[in-house]
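Now for the letters of each chain:
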Amino acid sequence: MTEGGYLSVVDRKKDMIKTGGENVASREVEEAIYEHDDVAEVAVFGISHPYWVEAVTAVVVPKPGAAVTSEQIKDHTRGRLAGYKQPKYVVVSDALPKNPSGKVLKRELRDLYGGLASNIGSAENDSGQ
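Described in the following lines is the structure provided in the data block. Because the structure is predicted, anything quoted here is derived from the model rather than measured. (Residues numbered from 1 in each chain as written. Predicted model: local features only at pLDDT ≥ 70, side-chain atom pairs only at ≥ 80, totals over all residues. Heavy atoms only, no water.)

## Focus on the side chain of Lys106
Mapping Lys106 onto the fold places it in helix α3 (residues 106-113). Side-chain polar atoms of Lys106 contact the side chain of Ser26, separated by 3.2 Å. In this view, Lys106 contacts Asp15, Ser26, Glu30, Ala43, Val44 and Phe45; residues no more than four positions away in its chain are not counted. (Helix = DSSP H or I, 4+ residues; strand = E, 2+ residues; numbered from the N terminus. Polar contact = N/O pair within 3.5 Å; in protein donor to acceptor, adjacent residues only side chain to side chain. Contact = heavy atoms within 4.5 Å.)

## Topic: the pairing of strand β5 (residues 89-92)
Relative to β5, strand β4 (residues 53-62) runs parallel, the two sharing four bridges. Bridged to Ala58 within β5 is Val90. In this region the chain leaves β4, passes through helix α2 (residues 70-78) and returns to the parallel neighbour β5; the handedness of that crossover is right-handed. (Pairing = 2+ DSSP bridges. Right-handed = clockwise from strand over helix to strand, strands pointing away.)

## Brief notes about the nonpolar core
Ranked by internal contacts, the top residues of the largest apolar core, which has 15 residues, are Val29, Ile33, Val42, Val44, Val60 and Ile73. Broken down by secondary-structure element, the contributors of at least two residues to this core are α1 (26-34), β3 (39-49) and β4. Those residues in contact with Val29, other than ones at most four positions away along the chain, are Val24, Val44, Val56, Leu81, Lys85 and Pro87. Counting 12 residues, the second largest nonpolar core, distinct from the first, contains Ala43, Ala55, Val59 and Tyr113. (Core = buried A, V, L, I, M, F, W, Y, C linked by side-chain atoms within 4.5 Å. Buried < 20%, exposed > 50% of the residue type's maximum accessible area, 1.4 Å probe, protein only.)

## A look at unusual backbone geometry
Of note, Val53 is a non-glycine position whose phi angle comes to about 80°, a positive value. Position of Val53 relative to the elements: it lies in strand β4.

Honestly, it's all geometry; don't read function into it.
Shown next, in the form of structure tokens:
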């Protein structure tokens, strides 16, 4: 909501991530990750999480010839996003699944990486934001 009282839509409703009682627009997180020099593509989505309801998850494709780690992406978002918007899980991949017109298939990513939160208990991977 702007100061003038106007509502601004920043993402598709179905791509809204509900984590820890807060709503996170996946597009906002994607834009922050795209600011990393070594990122070619990124998709951000929520996966089911027993504590947070959903966990912000990012799949990152590095630029050709570049190397990027999950920790580098997490560090990169720390100064750019509120704690609850930072990805809990970051996966580095060679490509994102797309339909014939080039749209990223987040449904397939949710199915593929939905089990990441099943490894609850690791302080490094699942600490509070």
